[in-house]
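Next come the chains, spelled out residue by residue.
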Amino acid sequence: MRISARADYAVRAALQLAASTDDGPLKAEAIAAAQEIPHKFLEGILNDMRRSGLVRSQRGGNGGYRLARPAEAISIAEVIRAVEGPLVSVRGVRPPELSYTGPAESLLPLWVALRANVRQILDGVSLADVASAQLPPEILGLTESPEAWTNP
């Protein structure tokens, strides 16, 4: 599974917003500078997040962006879906829409299991969890094995 730059930037922007809820709306320029995200690229991401109902925008001198809901109520999965669509697809197709034959037939349950695990992890972690560095114990448990940190 690959996390695109667009998804990474969206999550980082959302985390920046989650960390600054008391400061009023944040300008896109401030988010871009704080997270080292190209400003023009971020504008498109924020528009997708606004259309998905994750952020609100406010115009004017005191304008900017803020989360539409509390950070505790927004999962990392929601942010990724807002800018990328489904979390797991195969050649752009969702696993239940696929079919295989012969020796490849058991690929379908494998892709569905992969999707279920990705959903479990990303739907189970909120912006507040990450912004406060309080990841759920089951997530931290997945990182305890040294093999989790190496690239085969």
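Structure shown above.
Rules used throughout
Residues numbered from 1 in each chain as written. Predicted model: local features only at pLDDT ≥ 70, side-chain atom pairs only at ≥ 80, totals over all residues. Heavy atoms only, no water. Helix = DSSP H or I, 4+ residues; strand = E, 2+ residues; numbered from the N terminus. Contact = heavy atoms within 4.5 Å. Areas by Shrake-Rupley, 256 points an atom, 1.4 Å probe, with all protein chains shown as cover. Patch = residues over 30% accessible without salt bridge, like charges linked within 9 Å, V, L, I, M, F, W, Y side chains within 5 Å. Salt bridge = Lys/Arg side-chain N within 4 Å of Asp/Glu carboxyl O. Pairing = 2+ DSSP bridges. Expected span 1.5 Å × (residues − 1).

Helix and strand counts for the protein chain stand at seven helices and two strands. Walking the protein chain from its N terminus toward its C terminus, one meets helices and strands in the order α-α-α-β-β-α-α-α-α. By its C-alpha atoms, the protein chain is 60 × 35 × 25 Å across when sized along the principal axes. For the protein chain, long-range pairs separated by at least 24 residues make up 57% of all intrachain contacts whose partners lie at least 6 apart in sequence. Accessible surface for the protein chain amounts to roughly 9,300 Å². Of this, 53% is attributable to carbon and sulfur atoms.

Below, the discussion takes up a nonpolar patch on the surface. The grouping of V130, L135 and L140 at the surface amounts to a nonpolar patch, some 200 Å² of accessible area in total. Looking at the element boundaries, L140 is found in helix 7 (residues 137-142).

This part takes up the pairing of strand 2 (residues 64-67). Direction of pairing for strand 1 (residues 55-58) relative to strand 2: antiparallel, over a ladder of four bridges. Among the inter-strand pairings, S57 is bridged to a residue of strand 2, identified as Y65. Hairpin geometry of strand 1 and strand 2 is characterised by an intervening segment of five residues between the two adjacent antiparallel strands and by a positive phi of about 105 degrees at G60.

As a further point, take the environment of Q35. Position of Q35 relative to the elements: it lies in helix 2 (residues 28-35). C-alpha of Q35 to C-alpha of L54: the two residues are 19 residues apart in sequence and 18 Å apart in space. Residues in contact with Q35, not counting those within four places in the same chain, are R12 and Q16.

Here we come to helix 1 (residues 5-19). It helps to recall that an α-helix has 3.6 residues per turn; residues three or four apart then point in one direction. With 15 residues, helix 1 ought to run about 21 Å at 1.5 Å a step, and its terminal C-alpha atoms sit 21 Å apart, in line with that. Check the buried side of helix 1 and you find it contacts helix 2, helix 3 (39-51), strand 1, strand 2, helix 4 (76-84) and helix 6 (127-131).

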